[in-house]
Every structure is written in structure tokens, then in C-alpha cells.
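These are the residues of each chain, in order.
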Amino acid sequence: MSLTAQQAFKKLPQKLQNFFTRYPPAPFKKYASTPTSTTADDANPFLPNIHPVTNKTHNPIYSMRRQSDLYKLAYKFGVSDLLPTLNNGKMFFQEKYDNKKPLRGVVNPKGHIWERTLEARKAAIQEAVSKADDILVEHRGMKYKRRLERRKAEQKTWV
Amino acid sequence: MSRLLKESKRYGANMKRLHPLVKAHFDNINRKGQIPAVRNDLPAVREEKQFKSLEDWKYTVGDKVMIVKGALKGTVTSIIRTQKETNGFMLEDGPTKEVVIPPNYWLQSESSHVVEYPKVVTSEYFKLVGTIKDETSGESRQIAANDVVFRGKYWDEDYKKMMPYRCIKNKEEYIIPWPRPDKPEDDKFCTEEAVALERTYEPVSIFESDIPSDLNLRDPLAKRKSRFERKQQLLTKKDLKLLQSPAMPYSDTKKAFFRERAEIRSKQITEMSAEVADFIGKRVADHLNKIKDPYMWQYIKKVSGDRKKR
């Protein structure tokens, strides 16, 4: 069974029909994507617009919750793109999933404390091993230094 | 302090509220402080158990009784007093006790601090005595009743109230009449009974009063109006002014706001053009015709605009 345009329009929930009556979709009327004057012709009912006389920001005519309700309903009937721009760049379903900001901890895991200090500790150990003879000489005196030199001189060069 | 508050004993010790054991303790202290003459011979009775009506008491002051217990057994005497607190009786020639009373309580005739004082007794201590007349011989004799019961009521002219007939239990044909009360002596300022009872006004109709409606018995120079008059007061100009809400003029800002709101409302689109409906309809039809999922169709049917409302 294929629906005609008239039949399909009647299937649209009353809430959406009322909205589109008051705010006709894009080719018939255009809506600003950024906040404008409340009295402007292209004033977006989803955005907090500014009153030209008082310079005060009015709350959006449709709250964030009602915007979401309308969008989700329109999405199920394939007319979500006919709605004016949503406030705060609000996204739903796949679009929301794709544009999701990854968690900081997932991108850069902190790691355990041994993982974080491993490189530094390795370097410190390497440095200490290379300086081992000097440190021993410093603490044990010249006699030990001479012994080391003698051992080096008496070292067998053959096997 | 209001009467009710005073009776409730909100501020101060209320003996009624105390625990029975605590109350007994305080009663004991009180008893020790009393002089022996004032002490009760019988234990005090709780208020709810105290006799109130004639039917409770059964015997009253002036009744002839016969003592059935103790050394005075068989004596015929009469009741001189009743004691409410103990449900007890004092008899004229009944048992007495020697009590010592301080000189400031002495009567004029007394010369000793030791006085014979009547003891309070319960109703088990005596039996009620009545007189019956033998119709054949015409002799009258006294009988003592073990107990009495009450059957029916009559108007007693001396007591000026309805009194129960006092019959001997199980022999109800014998009625022991109530004793005659002492006649009240009239003061010299008293109104005579005949004058007081004389009827001077008789209403003609219960619907229409003979008393004129505008009759005012109050002093016309009285400062304050009576509370009945105050209730019927009419609204004054001051009252009306207070009751009516003030009609405040709207400010220029408010007027501009109204104008703007009206303008916005006039601009609002209230009906959808066929063009727009067709445009949206096509989009919706394209989408719905692709749907194969039966559960999705179930949902669409539930929320659709052409759904029949229950």
C-alpha cells in the first residue's frame, strides 16, 4: 500500500501539523540560524532572540525539551530537516553518535603510577650504573682506586 | 485567664492527670497534714464512681434507717448528711469518734478540745425503714428493706421535680416514700410564689409576634451597639472603598507591550496553505512508503493525526 501526499500528511501527528502551520518549512519561509531580533521576520522560534527595544534576551518560544520532542517525532516521519535550526547545535541519533566528543580519559589514558614513572626510573638506573665506579671510589678512598687500576692492568688479555 | 483554661489546669499540677500510685502518694502527704477531725473515715472515691443521681444514692437526707452492724445494731435513726467524696452517710444517732480539735475550731458551747464527731458509714451499715399500714386491723408497723429498686416516676410537689418510686426489692408492692425536704424559708425580699408563677403574657400566634419589630429595649444613649445590631450594619463608603480593587492605569511600557503582542498575534499564521501541506505530505509519503517494519507501523498508527480518539 502506497500512501498519497494527502493521506501521508494526515498521518502526521497533530503536534507536528500545528507546528508546521505556524512555522512553514524552508522553501516557503526561512529561519535564521543565529539569534536575531524577536520582531524579525526570520526569527527562529528555537533560538533565544533579543528584543530590539529592551535589548533583553527572550527565552526561545519552544524550550529545549519541546524542540527535542518535535525533532524526534519529525525524524520518525522523515521531516526532521524541515524544522528550523535547533538551539545549541543539538543533534540526535546517528548524527549525535558520530559527532560525539571522545572522552579525554579514553584518548589519553592516565595509566598506573609505575607506567607513568617507568622511563624516568630506567634513566636514573642507567645513569647510576655508569657512575658506579666513581661513587665507590668517592666513598672507599684512593686505595680502592689503585686496586681498580691494578686489576685493569693485570687483566688477562688471552683466553 | 479564660474559664476553660482554668479548668483544664494547663498551667499547674493537675491531680487528675497523675498516675494512681503517684496520686496516692500525694494524698497520703495531704492526709498527714490534716487534723484528725477533718480526715475521712472512708477511702475517697474516684470522680467517675461518685454517686450523682438519686438512683445512685438510693437514700437521702431525712430517711429513716436501722443500723445492722456494730455495737449500735438495731438502732433506728435517720440520715443527717451525705458525703459526696466517699459515697458515705452520717447518721443522727449513729457511731461517733472522739476527735481532738484546736481551740479556733471550737463552737461557743464547747469547753473541751475532745469532741464526739459522727462517723461516716457506707450504705451497708444500715437498712432503710418504711412504715406500712395493715388495712384490716388499721395498725401500722415498721419494716426494714434489704434493698430498694426504682419503678416509674411521679411529680413531687415538695421537691419540684420528677422523683422515682422507691420500692422494696422483690416486694415491689411496698413503696417507701421519699422523706419530705425542709421547706425553704422565704426572705423578706422574696417574690411570692403565686406572683412569680402568674402568667402575664399569652402569645396569640406562633407565626406573628405581638412584639413590634422596631422595639428597642436598649438604652438609646449606650456607647456601644449590641452585637446583634453590629451584625446588621450596612456597608459604609469606607468599606466599599476597601473592598473594591483599585483601577490602576497601565504604564506606557505595558501599553507598548500589549501593542507588540497584538501585532505578533495578527502576523501569526493560523491556517496551512494547500501548497505547504502538499509539500510536507510528499516528504512524509516518501518516508512512510519505505517503512517495512510492522512495529514501526504500529507506532505510526498510534501517534498519527487521523487516529480515532476514544
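Fair warning: this is a prediction, and the values are worked out from it, not measured in the lab. (Residues numbered from 1 in each chain as written. Chains lettered and ligands numbered in written order. Predicted model: local features only at pLDDT ≥ 70, side-chain atom pairs only at ≥ 80, totals over all residues. Heavy atoms only, no water.)

S.K.: Before we go on, may I ask you to explain the nonpolar core in this structure?
M.R.: Grouped together as the largest cluster of nonpolar side chains are 30 residues, with contacts concentrated most on Leu12, Phe19, Phe20 and Val79 of chain A together with Ile280, Val284 and Leu288 of chain B. Of all the elements in the fold, those that place two or more residues in this core are α1 (5–11), α2 (14–22) and α3 (64–76) of chain A together with α8 (274–290) and α9 (294–303) of chain B. Of all the elements, α8 of chain B adds the most residues to this core, at 6 residues. One finds Val121, Leu128, Val148 and Ile168 of chain B within the second-largest nonpolar core, a separate group that totals 19 residues. (Core = buried A, V, L, I, M, F, W, Y, C linked by side-chain atoms within 4.5 Å. Buried < 20%, exposed > 50% of the residue type's maximum accessible area, 1.4 Å probe, protein only. Helix = DSSP H or I, 4+ residues; strand = E, 2+ residues; numbered from the N terminus.)

S.K.: Explanation requested: the pattern of salt bridges in the structure shown.
M.R.: Between side chains of opposite charge, a pair can form as their charged atoms come close. Scanning the entire structure with this criterion turns up 15 salt bridges over all chains. Glutamate 127 of chain A is paired through a salt bridge with lysine 131 of chain A; the nearest N and O atoms lie 2.9 Å apart. Salt-bridge contacts for arginine 180 of chain B lead to aspartate 158 of chain B; the nearest nitrogen and oxygen are separated by 2.9 Å. Of this pair, arginine 180 of chain B sits in the loop between β11 (171–175) and α4 (193–197) while aspartate 158 of chain B sits in the loop between β9 (148–156) and β10 (161–168), placing them 22 residues apart in sequence. Among the charged side chains, a salt-bridge network with shared partners connects Asp156, Asp158 and Arg180 of chain B. (Salt bridge = Lys/Arg side-chain N within 4 Å of Asp/Glu carboxyl O.)

S.K.: Would you explain the interface of chain B and chain A in this entry?
M.R.: Interfaces are often sized by the amount of accessible area the parts lose when they come together. Each side of the interface is counted separately: chain B has 30 residues, and chain A has 32 residues. Each partner contributes to the roughly 2600 Å² buried at the junction of chain B and chain A, and carbon and sulfur atoms together form 67% of this total. Considering only the surface of chain B that becomes buried against chain A, Ile269, Met272 and Arg283 of chain B emerge as the three largest contributors, covering 19% of it. The interface formed by chain B and chain A includes 2 salt bridges. Here arginine 283 of chain B and aspartate 81 of chain A are joined by a salt bridge, their closest N and O atoms 2.6 Å apart. At the surface where chain B touches chain A, the tally comes to 9 residue pairs in polar contact (both at pLDDT 80 or more). Going through the elements one at a time, α7 (252–267), α8 and α9 of chain B are the ones with two or more residues in the side of chain B that touches chain A. With 14 residues, the top contributor of residues to the side of chain B that touches chain A is α8 of chain B. When grouped by side-chain class, the residues that make up the side of chain B that touches chain A number 15 nonpolar, 7 polar and 8 charged. (Contact = heavy atoms within 4.5 Å. Buried area = accessible area lost by both parts, 1.4 Å probe. Polar contact = N/O pair within 3.5 Å; in protein donor to acceptor, adjacent residues only side chain to side chain. Nonpolar A, V, L, I, M, F, W, Y, C, P; charged D, E, K, R; others polar.)

S.K.: Quick question: what am I supposed to make of a nonpolar patch on the surface here?
M.R.: Residue and element names in this part refer to chain B. A cluster of nonpolar side chains, namely Met15, Val22, Phe26 and Ile29, defines an oily patch on the protein surface of about 320 Å² accessible area. Mapped onto the elements of the fold, phenylalanine 26 is located in helix α2 (residues 20–33). Looking at phenylalanine 26, the relative accessible area reads 36%, which means it is partly exposed. (Patch = residues over 30% accessible without salt bridge, like charges linked within 9 Å, V, L, I, M, F, W, Y side chains within 5 Å. Areas by Shrake-Rupley, 256 points an atom, 1.4 Å probe, with all protein chains shown as cover.)

S.K.: I tried to follow the packing of aromatic side chains on my own but got confused; where do I start?
M.R.: For the structure shown, the criterion picks out 21 aromatic pairs over all chains. In textbook terms, an aromatic cluster arises when at least three aromatic residues are bridged by ring pairs, as seen for Phe19, Phe20, Tyr23, Tyr31, Phe46 and Tyr62 of chain A. The ring centre of tryptophan 178 of chain B lies 4.1 Å from the NZ or CZ of arginine 166 of chain B, which sits over that ring. (Phe/Tyr/Trp six-rings, centres within 6.5 Å; stacked < 30°, edge-to-face > 60°. Lys NZ or Arg CZ within 6 Å of the ring centre and 35° of its normal.)

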